[in-house]
Amino acid sequence: MLRIKQLREEKGISQKALGQMFNVAQNTISNWENGTREPDTATLTRLAKLFNVSVDYLLGNTLVRTPVETIAAHRDGEGDWTPEELEDIERFKEFVRMKRQSEQNNE
């Protein structure tokens, strides 16, 4: 189940206003929220950006809102990550992606 309604309400955005932002009718937003229709992939990406969440969170596939929070959730109770630490995490993730791609190309 999509989390559009929850996220929309958290931001204080009406269905009509969200529809205007995405150039769709209010009833389209209602259909997305009640599960009778789903937005296309490009719209899901735009919604995730608007609400500052991952597409997986938007789709209900995870309880973690953003990819950085996935890693940050494993901090072992030491408090919040600093902005510098979050940047380091993002750089490390990119390093791992590049390493994986290199290994796949060498297979």
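Since the structure is predicted, the reported quantities are computational estimates derived from the model, not experimental observations.

Rules of the game
Residues numbered from 1 in each chain as written. Predicted model: local features only at pLDDT ≥ 70, side-chain atom pairs only at ≥ 80, totals over all residues. Heavy atoms only, no water. Buried < 20%, exposed > 50% of the residue type's maximum accessible area, 1.4 Å probe, protein only. Helix = DSSP H or I, 4+ residues; strand = E, 2+ residues; numbered from the N terminus. Arc of directions from axis to C-beta. Contact = heavy atoms within 4.5 Å. Salt bridge = Lys/Arg side-chain N within 4 Å of Asp/Glu carboxyl O. Phe/Tyr/Trp six-rings, centres within 6.5 Å; stacked < 30°, edge-to-face > 60°. Lys NZ or Arg CZ within 6 Å of the ring centre and 35° of its normal. Core = buried A, V, L, I, M, F, W, Y, C linked by side-chain atoms within 4.5 Å. Polar contact = N/O pair within 3.5 Å; in protein donor to acceptor, adjacent residues only side chain to side chain. pLDDT = per-residue confidence, 0-100.

> Describe in detail helix α1 (residues 4-11), supporting the description with residues and values.
Among the residues making up α1, those that are buried are Ile4, Leu7 and Arg8. Along the axis of α1, the buried positions cluster into a sector of 100 degrees, meaning they face one direction only. The secondary structure elements touched by the buried residues of α1 are α2 (15-21), α3 (26-34), α4 (41-51) and α5 (55-59). Positive phi shows up at glycine 12, right after α1, with a value of about 70 degrees.

> Which residues make up the pattern of salt bridges, and what values do they have?
Going through the model one piece at a time under the given rule, you end up with four salt bridges. With its nearest N and O atoms 2.5 Å apart, the salt bridge here joins arginine 8 to glutamate 33. Taken together, the positions of arginine 8 in helix α1 and glutamate 33 in helix α3 put the pair 25 residues apart, joining distant regions of the chain. Under the relative-accessibility criterion, arginine 8 is labelled buried at 8%. Between arginine 91 and glutamate 87 there is a salt bridge, with the nearest N and O atoms lying 3.9 Å from each other. Here glutamate 87 and arginine 91 lie together in helix α7 (residues 83-105), a separation of four residues that amounts to about one turn. Classification of glutamate 87 by relative accessible area gives partly exposed; the value is 46%. One network of salt bridges, in which partners are shared, links Arg8, Glu9 and Glu33.

> An account of the packing of aromatic side chains is requested, with residue identities and associated values reported.
Counted by the stated rule, this structure contains one aromatic pair. With 6.1 Å between their ring centres and 35 degrees between their planes, phenylalanine 92 and phenylalanine 95 make a pair best called tilted. With a gap of three residues between them, phenylalanine 92 and phenylalanine 95 both fall in helix α7, about one helical turn apart. Here the guanidinium or amino end of arginine 3 rests over the ring plane of tyrosine 57, the centre of that ring lying 4.1 Å away.

> Give a description of the nonpolar core that names residues and reports values.
Core analysis: the largest hydrophobic core is formed by 15 residues, its most contacted members being Ile4, Leu7, Leu18, Leu47, Phe51, Val53 and Leu58. Secondary structure elements with two or more residues in this core: α1, α3, α4 and α5. Among the elements that line this core, the one with the most residues is α4, at four residues. Not counting residues within four places of it along the chain, the set of residues in contact with leucine 18 comprises Ile4, Arg8, Ile13, Ile29, Leu47, Leu50 and Phe51.

> Requested: an account of the side chain of glutamine 15, with residues and values cited.
In this structure, glutamine 15 sits in helix α2. Among the polar contacts listed, one links the side chain of glutamine 15 to the side chain of glutamate 33, at a separation of 2.7 Å. Residue contacts for glutamine 15: discarding those within four places in its chain leaves Arg8, Gln26, Ile29, Ser30 and Glu33.

> Kindly report on the confidence of the model for the protein, identifying the contributing residues and their values.
Looking at the protein as a whole, the pLDDT averages 84, with 87% of positions reaching at least 70. For the protein, per-element mean pLDDT is lowest for helix α6 (residues 67-72), which scores 60, and highest for α2, which scores 96.

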